[in-house]
Amino acid sequence: MENEKRLKLLIVDDEEGMRMGVKRALRNHRIEMEDGTKVAFDVVEASSGEEAVSMMEQEPPDIVLLDNKMGGISGIDVLTWINERDLDLMAIMITAYASIETAITATKQGAYDFLPKPFTPAELKVSVRQASEHLLALRQTRALEEEKRRVRFQFISVLAHELKAPLGAIEGYLYLLRDGTGMDDPKVYERVVERSLVRLSGMRKLIYDLLDLTRLESGQKKRELAPTSVIEAARTAIETMTPDADARGIVIDLEAEGEITLEADRGELEIIFNNLISNAVKYNRDNGRVTVRLEETSEEVRIAVADTGIGMTPEEVEKLFGEFVRIKNDRTRNILGSGLGLSIMRKIASLYGGEVSVESAPDQGTTFTVILKKTLE
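All values reported here derive from a predicted model rather than from experimental measurement.

Caption draft 1: Examining the sheet that holds strand β1 (residues 4–12) more closely. With mixed pairing, the six strands of this open sheet are ordered in space as β2-β3-β1-β4-β5-β6. Since the sheet does not close on itself, it has two edges, and those belong to β2 (30–32) and β6 (113–116), each with one partner. Strand-to-strand twist of the sheet, defined as the mean angle between neighbouring strand axes without regard to direction, takes the value 25 degrees. Here β1 runs beside strand β4 (residues 63–67); their pairing, made up of four bridges, is parallel. Of the residues in β4, the one forming a bridge with L9 is I63. Of the strands in this sheet, β1, β3 (38–46) and β4 are in contact with helix α1 (residues 16–26), which crosses β3 at around 165 degrees. Sheet strands in contact with helix α3 (residues 75–85) are β4 and β5 (90–95), and its direction is about 150 degrees off that of β4.

Caption draft 2: Inspection of the environment of I260 at higher detail. For I260, the position within the fold is in the loop between β8 (251–256) and β9 (261–265). Counting along the chain gives 36 residues from I260 to E296, while the straight-line C-alpha distance between them is 6.8 Å. When neighbours within four sequence positions are excluded, I260 is seen to be in contact with T228, S229, V230, I231, L294, E295, E296 and V301.

Caption draft 3: A nonpolar patch on the surface, seen in detail. Side chains of Y189, V193, L197 and L200 sit close together on the surface and give an oily, nonpolar patch of about 340 Å² of accessible area. Position of L197 relative to the elements: it lies in helix α6 (residues 186–218).

Caption draft 4: Broad picture of unusual backbone geometry. Each neighbour pair has its own omega, and for K117 with P118 the value is -10 degrees, a cis peptide bond. Within the secondary structure, P118 is located in the loop between β6 and α5 (121–179). Even without being glycine, D363 reaches a positive phi, approximately 65 degrees. Tracing the backbone shows D363 in the loop between β12 (355–361) and β13 (365–373).

Caption draft 5: Region of interest: the pairing of β4. Here β4 lies mainly inside the structure; five of its five residues are buried. Both faces of β4 are covered, namely the face carrying I63, L65 and D67 and the face carrying V64 and L66. Read as a crossover between parallel neighbours, the route from β4 over α3 to β5 is right-handed.

Caption draft 6: Seen up close, the packing of helix α2 (residues 49–58) against α3. At their nearest, the axes of α2 and α3 sit 9 Å apart, and the two run at 20 degrees to each other. As judged from the angle between their axes, α2 and α3 are roughly parallel. With respect to the hand of their crossing, α2 and α3 are arranged in right-handed fashion. Side by side, α2 and α3 meet where G49, V53, M56 and E57 of the first sit next to V78, W81 and I82 of the second.

Caption draft 7: Local environment of the packing of helix α7 (residues 230–247) against helix α8 (residues 266–282). In the contact formed by α7 and α8, the axes pass within 9 Å of each other and the chain directions differ by 35 degrees. For the pair α7 and α8, the sense of crossing is right-handed. Taken together, the residues of α8 that come into contact with α7 (itself represented by V230, E232, A233, A234, T236, A237, I238, M241, D244 and A245) are R266, L269, E270, F273, N274, I277, S278 and V281. Grouping the amino acids of the contact of α7 with α8 by side-chain chemistry returns eleven nonpolar, three polar and four charged.

Caption draft 8: Geometry of α8. The first and last C-alpha atoms of α8 sit 24 Å apart over 17 residues, in line with the 24 Å expected at 1.5 Å per residue. Counted residue by residue, α8 has twelve buried out of 17 residues, so it is predominantly covered. Within the span of α8, buried status applies to E268, L269, I271, I272, F273, N275, L276, I277, S278, N279, A280 and V281. For α8, the capping residue at the N-terminal end is D265, with a side-chain oxygen 2.8 Å from the backbone nitrogen of G267.

Caption draft 9: How the structure looks around the pairing of β13. With seven of nine residues buried, β13 lies mostly within the body of the structure. Pairing analysis gives seven bridges linking strand β11 (residues 300–307) to β13, with the strands arranged antiparallel. Among the inter-strand pairings, I303 is bridged to a residue of β13, identified as V370. Pairing of β12 with β13, which is carried by seven bridges, proceeds in the antiparallel orientation. For S360, the partnering residue across the bridge sits in β13 and is T366. Linking β12 back to β13 in an antiparallel pair, the connection comprises three residues, with D363 at a positive phi of about 65 degrees.

Caption draft 10: Structural detail: the nonpolar core. Counting residues in hydrophobic clusters, the biggest one holds 41 residues, and the most contacted among them are F273 and I303. Among the elements of the structure, α7, β9, α8, β10 (289–296), β11, α10 (341–351), β12 and β13 are those that each provide at least two residues to this core. Contacts of I303, omitting those with residues within four sequence positions, involve I272, F273, L276, R293, L294, F368, T369, V370 and L372. Within the second largest apolar cluster, 24 residues are counted, among which are M18, A25, V43 and V128.

Parameters and conventions
Residues numbered from 1 in each chain as written. Predicted model: local features only at pLDDT ≥ 70, side-chain atom pairs only at ≥ 80, totals over all residues. Heavy atoms only, no water. Pairing = 2+ DSSP bridges. Helix = DSSP H or I, 4+ residues; strand = E, 2+ residues; numbered from the N terminus. Axes fitted to C-alpha atoms, helices over the stretch in contact; angles between N-to-C directions. Contact = heavy atoms within 4.5 Å. Patch = residues over 30% accessible without salt bridge, like charges linked within 9 Å, V, L, I, M, F, W, Y side chains within 5 Å. Areas by Shrake-Rupley, 256 points an atom, 1.4 Å probe, with all protein chains shown as cover. Salt bridge = Lys/Arg side-chain N within 4 Å of Asp/Glu carboxyl O. Buried < 20%, exposed > 50% of the residue type's maximum accessible area, 1.4 Å probe, protein only. Right-handed = clockwise from strand over helix to strand, strands pointing away. Parallel < 35°, antiparallel > 145°, perpendicular 65-115°, else oblique. Left-handed = near helix turned anticlockwise from the far one by under 90°. Nonpolar A, V, L, I, M, F, W, Y, C, P; charged D, E, K, R; others polar. Expected span 1.5 Å × (residues − 1). Polar contact = N/O pair within 3.5 Å; in protein donor to acceptor, adjacent residues only side chain to side chain. Core = buried A, V, L, I, M, F, W, Y, C linked by side-chain atoms within 4.5 Å.

Next comes the structure, spelled out in structure tokens:
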């Protein structure tokens, strides 16, 4: 069944009637969790503590219903065995001898619940439901923690990789300056200094992008929402990129009909435009064109930035918005970037209930479109 989990439940009791009663009560029993997931149970049985241990050595269950007083080793002994091995399961003690001392001992050994005999099918189902919810919540928490550790490791690894290349390049240039190799030629000297400055600029951009991303995700970035001219934000970004565009003969056009005002944080709009226009220039061809088109409806503002650049394949577009993702091929090898800009832009767009989309084709150019809602629900 779709969206259904099955938990293995082991009933350990030396009374066959008790084992059969638990199997009947849970055979067709299903629990619906808060997220809509349905949980069903595969019930297996053991008639002694020794048999239970043997079964759990082969394949631990998810939940164990454990009688205390049995011939041979007791339920508390089995519970101690489980606790020593730190098995990922929920244990429910069931016994006719419901003393406080037994309950305390069972709890100390890791029992989740205590179900005294005789109990009704309804009481059994309540106890099993609570154990199931607790077990799945714990597993989800552990999975999230593991994912956080994995993401942190990946983040540090990628960051180290992204910083290692420019640091190595700058180190190499500094050795050339120190040793004076080829420095008699002013053009060589100028190129070494210029390349070092370019690498430093790339590292600075990476640091600023990381700070923006961290502030956005932590909610610590103070937003100052006010009526903001979208056209002015676009013009500021265009002015910033004009020197780089002019150096390569790239023309940047701005198309907008009338004034467009949005209740927005000016800094967030500038981040969007800076990333869009910067990428459109960097990944363009010499003597190309960038067109920034602004449109407005009663509900949203649409920002489209098109270039006549190198474009991307459908496979490259699919992985474009991941963090630290940069499209690497023969045409982009020498283009510097942090790989964070588009990810940051998408997060900002989401703050306005909007979205980012892209259309691209190799050697034909790319168009990024950002939609920002005027009113959030």
